[in-house]
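Here are the chains, one letter per residue:
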Amino acid sequence: PALVIEARRRLAEKLGGALGAGANEAFYRVAVAVASALEYMHAQSIIHGDMKPSNVLLDAQGDARVADFGLSKSAAAGSSMMTLTGMGVGTPQYMPPEIIQGGRVSSPGDVYSLICLFITIHTGAVPFAGKGDNIAAIFQAIVSGERPTFSAGAPLGLVRLGVQSLDADPKRRPTARRVGFELE
């Protein structure tokens, strides 16, 4: 058996192009679509677990689709994102602090990663780019409360949403539905 889908480009391939900093209309179109997809998944008790630019596909019209459910978990199961050796699973720059510290996957964790994805789209750079590929330094920054930020020209409402969504306490983060609502 095979799964056939129309050809799509990964969002990561577009960064720095049409969706670079300053392309607000394209940014909001993608951001609302991805937030809506997460809202739907969370309503079905599915946690994506690895939101990042390479897991968002764009069609020829620029419509976004969330892809790569390899790390997805059932929210009902309360699964951990840890390997048998105790290492966190996911992409370091987009991982919420609770996963790094061995916590359970949750919809607030997806929202944290979603905002990191939005920051990447808006700025054209991955969160914690200054740390390079040093995973220990990235994890230390996240756990110690350092937060990635939007570029200086970002709309104030988007910055405020980012601050709320990157809160160290998952219980204080907005839902994906709220994120989508705030973006529309």
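> Explanation requested: the overall build of the chain in the structure shown.
When you go through the chain residue by residue, the secondary structure sums to seven helices and five strands. Helices (α) and strands (β) of the chain occur, in sequence order from the N terminus, as β-α-α-β-β-β-β-α-α-α-α-α. Put simply, the chain has 184 residues, and 41% of those count as buried. Within the chain, residue pairs in contact and separated by at least 24 positions form 63% of the contacts whose partners lie at least 6 positions apart. Carbon and sulfur atoms make up 54% of the accessible area of the chain, which amounts to about 9200 Å² in all.

> What should I look at first to understand the nonpolar core in this one?
Nonpolar side chains in soluble globular proteins tend to end up buried together. Core analysis: the largest hydrophobic core is formed by 41 residues, its most contacted members being Val34, Met51, Leu114, Leu117, Phe118, Val179 and Leu183. Contributing elements (two or more residues each) for this core: helix H2 (24-43), strand E3 (56-58), strand E4 (64-66), helix H3 (97-100), helix H4 (107-123), helix H5 (135-143), helix H6 (156-165) and helix H7 (176-183).

> What is the right way to look at the packing of aromatic side chains in this model?
A ring pair, where both rings are aromatic, is described by two values, the distance of the centres and the angle of the planes. All chains considered together, the criterion is met by two aromatic pairs. Their ring planes at 80° and their centres at 5.8 Å tell us that Phe27 and Phe118 sit as a pair that is edge-to-face. With Phe27 in helix H2 and Phe118 in helix H4, this pair connects stretches of sequence that are 91 residues apart. One aromatic cluster is present, built from ring pairs that chain together Phe27, Tyr28 and Phe118.

> Got a minute to help me understand a nonpolar patch on the surface in this structure?
A surface patch of nonpolar side chains, about 280 Å² in accessible area, is lined by Leu156, Val159 and Val163. The topology assignment puts Val163 in helix H6. Classification of Val163 as exposed rests on a relative accessible area of 59%.

> Is there a simple way to think about unusual backbone geometry in this case?
Glycine aside, the phi torsion of most residues is negative, and most peptide linkages are trans. One non-glycine residue with positive phi stands out, namely Ser45, at about 60°. Positionally, Ser45 belongs in the loop between H2 and strand E2 (46-47). For Phe128, which is not glycine, the phi dihedral falls at a positive 60°. Residue position: Phe128 is located in the loop between H4 and H5. The exposure class of Phe128 is buried, given its relative accessible area of 9%.

Here is what the cut-offs are and how they apply
- Residues numbered from 1 in each chain as written.
- Predicted model: local features only at pLDDT ≥ 70, side-chain atom pairs only at ≥ 80, totals over all residues.
- Heavy atoms only, no water.
- Helix = DSSP H or I, 4+ residues; strand = E, 2+ residues; numbered from the N terminus.
- Buried < 20%, exposed > 50% of the residue type's maximum accessible area, 1.4 Å probe, protein only.
- Contact = heavy atoms within 4.5 Å.
- Areas by Shrake-Rupley, 256 points an atom, 1.4 Å probe, with all protein chains shown as cover.
- Core = buried A, V, L, I, M, F, W, Y, C linked by side-chain atoms within 4.5 Å.
- Phe/Tyr/Trp six-rings, centres within 6.5 Å; stacked < 30°, edge-to-face > 60°.
- Patch = residues over 30% accessible without salt bridge, like charges linked within 9 Å, V, L, I, M, F, W, Y side chains within 5 Å.
- Salt bridge = Lys/Arg side-chain N within 4 Å of Asp/Glu carboxyl O.

In short, the description is geometric, and any link to function would need to be established separately.
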